[in-house]
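# Structure at a glance
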Amino acid sequence: MREIMTDKRALLGPVATVFGSEHTGAWRVQRPVVDSKRCNFCGECQKYCPVDVVEIRDDDGNRVLSINLSYCKGCSICVEICARHAMSMVPERTQP
Amino acid sequence: MSETNSPVLEIKTEAKDFVAHGVSTCAGCGLELAMRVVTRVLGRNTVIVIPPGCAALFSGYGNQTGLRIPGFQGNLENTAAIAAGIKAGFEVQGRGDINVLGFAGDGATVDIGLQSLSGAFERGDAILYVCYDNEGYMNTGIQSSGSTMYQAWTKTTPAGKTVPRKNVMEIVAAHRIPYAASASVGFVDDLRKKVEKAKSCGGPSYIHIHAPCSTGWGFEPEKTITLARLAVQTRVWPLYEIVDGTKYRITHSIARPKKVEEYLRLQARFKNLPDSAIADVQNQVDQEYEVLATRLNAQLTGAGSKTS
Amino acid sequence: MKRTMMDGNQAAAEAMRFARIRVVSAYPITPQSSIAETLADFVADGSLQAKYLRIESEHSALSSVIGAQLTGVRAGTATASVGLALMHEVMGVASGLRLPIVMPVVNRSLVSPWNLWCDHQDAMAERDSGWTQLYAENCQEVLDLILIAYRWSEYPKVLLPCMMNLDGFFLSHLTEVVMLPDQKTVDAFLPPYVPHNLLLDPDNPMFINNLTGPSEFTEMRFQQSLAFGEALETLPQVLEEFQQVFGRQYSLLDAYRCDDAEAVVVTMGSMSGTARYAVDQLRSEGKKVGALKVVCFRPFPVALLRQLLGGIPHVGVIDRSAGLGAESGPLCGEVRAALELESPEVSGFIAGLGGRDVRLETFRKAFDFLLNSPSTSNTTWLDVEANAMSIREVGV
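Residues numbered from 1 in each chain as written. Chains lettered and ligands numbered in written order. Predicted model: local features only at pLDDT ≥ 70, side-chain atom pairs only at ≥ 80, totals over all residues.

### Thoughts on the overall build of chain C
Counting secondary structure elements, chain C contains twelve helices and 16 strands. The C-alpha extent of chain C, read off along each of the three principal axes, is 70 × 50 × 50 Å. Every one of the 396 residues in chain C was classed for burial, and the buried ones make up 57%. Once local pairs closer than 6 in sequence are excluded, the contacts in chain C between residues at least 24 apart make up 80%. (Helix = DSSP H or I, 4+ residues; strand = E, 2+ residues; numbered from the N terminus. Buried ≥ 20, exposed ≤ 12 C-beta atoms within 10 Å, placed from the backbone. Contact = placed C-beta atoms within 7 Å.)

Here it is, written out as structure tokens:
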């Protein structure tokens, strides 16, 4: 009994084949900001951020810490954890 | 097998490792941190088994998943059995190097999942079983599990849990598996080292990760790591490892433990606990630690007491 | 072909060895235990290249088989009775994930009362599980139908798990002549397993069995229902292939002397042999009777049944399970539904529960009822004792 192969193949049954994200950044009511004068780039906030959105870049000796705001949920763990109090939360936006 | 050769996963989001950034876990979720750390250490050559529960949020919904490694969602009680089967299937095909990771909550492990866990460990099935412990059935709305702390409020223990939690580490130790460890999301470096050890121990391994839950325990999300650390510092959650079920070693020493009350007072689930109840909890924590201390200090003839 | 003597359990284990399963995960339960034991022997002596998981329960047995099969190998288990009941939660997983797992089930009653012996209640309780179901009449069929099941289930348009039923003790522990093929012949009929659908592989990641919403669940169930339709169409072709390779012919429904019969009794499993014996005896007494054996219960061969039994004035169906609360036993219900338009009179019978032998006398009673009694929609318990309500009488 010969199989007739179609061009496209569809999997049968429950399976996820799209690696995707929800826009969890939209949840936030407050956003973290970093005081670059106080930050010593120890990386603790990066280590403990549950959504892993802390980026530490080195631009020619100029280190920059930024947050991927598409996903940051505003949990404030980074603020709580920073030993140098270099992180603080500001309101996400005021009501129009 | 021509049709299944080409990878089917469509990448629609960026991720630094194997977990998407935008997963619908609560803000400040302890388990989310655990999932990222564990999968990052294990790497690409891993298959994950997740039962229903909070971690199933990473499995995803419909056609979308938050994981870039292959995974399977089992039933609530059979994570270890499914993982054992997957490992066996890989082994007979000469692919026994693939890490098979069970990633289950405390309910799915210490209650309904205990039988399959015990079976896999007794047989020596080389799976890495991670239990993320948020001390309750949180995904179904905060019901008590066998791992919920003594005196804690939950929706099924509204007057406070009247019995202490099961000591699952002792149960696991009784199976004499090569490696078991307690861990905490408050100590990521310690957790990473333990995952590395588990990965290379050559047999079944178990890591029990304390993952404070802001929604279920009643605290502001920013306090997740603080509370995880306090749990360790008060000896509510000692960090240790057990090799071959008999050799115990503390991995984070607490010279002067803080009072348990400091930990309890930060959580709404212990709100209005009378002093007598707090004293009870302190006693219970002290007693549990004494048992652990006996294990830590035990000298086995010929085997040595502590391994590095 | 080698002529051997073996019991049904041995035949089942041989078939699984021929199918080259790579992972075994089976939990002991009467009357299945010797399947798990024989497979252990095969692994120990190297004649079966498989990993043997000394699994700690039936629920875990099927769970681990599902895990193993998802990595791309044939994985095997077998069970009976309450062991199958314990697997119930996971049965739907195998079917919903379209895994062509083949599982011998040694039919034994469910509890309570506690009973170790033959009854179809265990398999009937799984009739909506999304598994196909075949029933063997003798030990040769046990071997053959399992090989057929692997071939059938693994068709890309089928991809359904199959339960291969054999009567507890009457087949599992009955030693009969079984013609054993050689491995080469089996390999010609049953090619190596190729996972066509879902797969766990770090080189091709996908997340299997995550939450499915109302917008897609129906479609996935529909996919399964289409697969049952394909299964119904595919099985005759597989049976034809089997006949060409092994020389034995099977069909989904086996009609015996039904052509001019006034009364036909429908059976499943080992009692079918006695049914034919009864037919022969009654025929020699001038009665026009016939017997129909159901080999394939799921999918239920409605069209073929209508073809074979449409126009038969009196049809009786012997259910080997009680079907409590329904008008009749489950098999009778299916036959009635299938014949609704063709034959107005289908009588339901219950017999052989809990290991009670279905004897010649039982069949004679059934045929007597069909030929002589007025039609009734009640179900007749053919072999129940008259003092059923007082068997546990306690004294004053």
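### Regarding the overall build of chain B
What chain B contains, in helices and strands, is eleven helices and ten strands. Its C-alpha atoms give chain B a radius of gyration of 19 Å, within 12% of the compact-globule value 19 Å for 308 residues. With the C-alpha coordinates of chain B rotated into their principal frame, the extents come out at 70 × 50 × 30 Å. Residues counted as buried form 54% of the 308 residues belonging to chain B. The contacts of chain B with a sequence gap of at least 6 include a subset with a gap of at least 24, amounting to 67%. (Rg over C-alpha atoms; globule rule 2.2 N^0.38 Å.)

### What about unusual backbone geometry?
Here the bond from valine 111 of chain C into serine 112 of chain C is cis, since omega is -15°, no more than 30 degrees from zero. As for its position among the elements, serine 112 of chain C is in the loop between strand E5 (102–107) and helix H5 (121–124). In the segment running from arginine 298 of chain C into proline 299 of chain C, the intervening peptide bond is cis, with an omega of 0°. By secondary structure assignment, the location of proline 299 of chain C is in the loop between strand E13 (296–298) and helix H10 (302–309). Even without a glycine there, the phi angle at serine 76 of chain A is positive, about 75°. By secondary structure assignment, the location of serine 76 of chain A is in the loop between strand E5 (62–67) and helix H2 (77–81). Under the C-beta neighbour-count criterion, serine 76 of chain A is labelled buried, with 21 such atoms within 10 Å. Phi is positive for arginine 20 of chain C, close to 60°, though the residue is something other than glycine. When you line up the elements, arginine 20 of chain C lands in the loop between helix H1 (8–18) and strand E2 (23–25). Exposure remark for arginine 20 of chain C: the 18 C-beta atoms within 10 Å place this residue in the partly exposed category.

### Considering the sheet that holds strand E1 (residues 10–11) of chain B
Two orientations exist for strands paired in a sheet by backbone hydrogen bonds: parallel and antiparallel. Pairing within the open sheet is parallel, and its three strands lie in the order E1(B)-E2(A)-E3(B). The strands lining the two open edges of the sheet, one partner per strand, are E1 and strand E3 (64–65) of chain B. Sheet topology places strand E2 (residues 18–19) of chain A next to E1 of chain B; two bridges connect them, and they run parallel. In the strand pairing of E1 of chain B, valine 18 of chain A is matched with glutamate 10 of chain B. (Pairing = 2+ DSSP bridges.)

### Description of the interface of chain A and chain B
Taken together, the contact between chain A and chain B spans 27 residues of the former and 32 residues of the latter. At the level of elements, E2, helix H1 (44–48) and H2 of chain A are the ones that each hand at least two residues to the side of chain A that touches chain B. The biggest single contributor to the side of chain A that touches chain B is H2 of chain A, with four residues. Split into classes, the residues belonging to the side of chain A that touches chain B amount to 13 nonpolar, eight polar and six charged. (Nonpolar A, V, L, I, M, F, W, Y, C, P; charged D, E, K, R; others polar.)

### A word on the domain arrangement of chain C
Residue and element names in this part refer to chain C. Splitting chain C by domain gives domain 1 (2–246) and domain 2 (253–381). Just the C-alpha atoms count here: the centres of domain 1 and domain 2 sit 27 Å apart. Between domain 1 and domain 2, the residue contacts involve 27 residues of the former and 21 residues of the latter. Of all the secondary structure elements, the ones that give two or more residues to the side of domain 1 that touches domain 2 are H5, strand E6 (132–135), strand E7 (162–167) and helix H8 (214–246). Taken together, the residues of the side of domain 1 that touches domain 2 sort by class into 14 nonpolar, nine polar and four charged. (Domains from an automatic or database assignment.)

### Looking at the environment of serine 57 of chain C
Mapped onto the secondary structure, serine 57 of chain C falls in the loop between strand E3 (51–53) and helix H3 (58–69). A tally of 18 C-beta atoms within 10 Å means that serine 57 of chain C is categorised as partly exposed. When the C-alpha positions of serine 57 of chain C and alanine 255 of chain C are compared, they lie 40 Å apart, and in sequence the two are 198 residues distant. Excluding its chain neighbours within four sequence positions, the residues that come into contact with serine 57 of chain C are Gln115 of chain B together with Tyr27 and Leu86 of chain C.

### Here's the deal with the packing of H1 of chain C against helix H2 (residues 33–44) of chain C
Residue and element names in this part refer to chain C. At a minimum axis distance of 8 Å, the contact between H1 and H2 shows a crossing angle of 45°. Judged by the angle between their axes, H1 and H2 are oblique. The hand of the H1/H2 crossing is right-handed. Where H1 approaches H2, its residues Asn9, Gln10, Ala12, Ala13, Met16 and Arg17 are matched on the opposing element by Ser34, Ile35, Thr38, Leu39 and Phe42. Within the contact of H1 with H2, the residues separate by chemical class into six nonpolar, four polar and one charged. (Axes fitted to C-alpha atoms, helices over the stretch in contact; angles between N-to-C directions. Parallel < 35°, antiparallel > 145°, perpendicular 65-115°, else oblique. Left-handed = near helix turned anticlockwise from the far one by under 90°.)

### Remarks on the environment of valine 41 of chain B
Residue and element names in this part refer to chain B. Mapped onto the elements, valine 41 comes out in helix H1 (residues 30–42). Judged by the 18 C-beta atoms lying within 10 Å of it, valine 41 falls in the partly exposed class. In the structure, valine 41 is positioned 154 residues away from valine 195 in sequence and 6.7 Å away in space, judged by C-alpha atoms. Residues contacting valine 41, with those up to four places away along its chain left out, are Arg192, Val195, Glu196 and Lys199.

### A word on the pairing of strand E11 (residues 263–267) of chain C
All names here are of chain C. Counting buried positions along E11 gives five out of five residues, so the element sits mostly inside the fold. Residues of E11 alternate between two faces, with Ala263, Val265 and Thr267 on one and Val264 and Val266 on the opposite face, all of them buried. Both E11 and strand E12 (residues 289–294) contribute to a ladder of five bridges, which runs parallel. Following the sheet pairing, valine 266 is matched in E12 by leucine 292. You can see the chain leave E11, run along helix H9 (residues 271–284) and come back into E12, and the turn it takes is right-handed. Sheet topology note: the E11/strand E14 (residues 314–319) ladder contains four bridges and is parallel. In the sheet register, valine 266 faces E14, and the bridge partner there is valine 317. (Right-handed = clockwise from strand over helix to strand, strands pointing away.)

### Comments concerning the sheet that holds strand E4 (residues 71–73) of chain B
Read from one edge of the open sheet, ten strands run E1(A)-E9(C)-E4(B)-E2(B)-E5(B)-E6(B)-E8(B)-E7(B)-E9(B)-E10(B), paired in mixed fashion. For this open sheet the edge positions go to strand E1 (15–16) of chain A together with strand E10 (247–250) of chain B, each flanked by a neighbour on one side alone. Across four bridges, strand E9 (residues 240–243) of chain B lies against E10 of chain B in antiparallel orientation. Paired with valine 243 of chain B across the bridge in E10 of chain B is lysine 247 of chain B.

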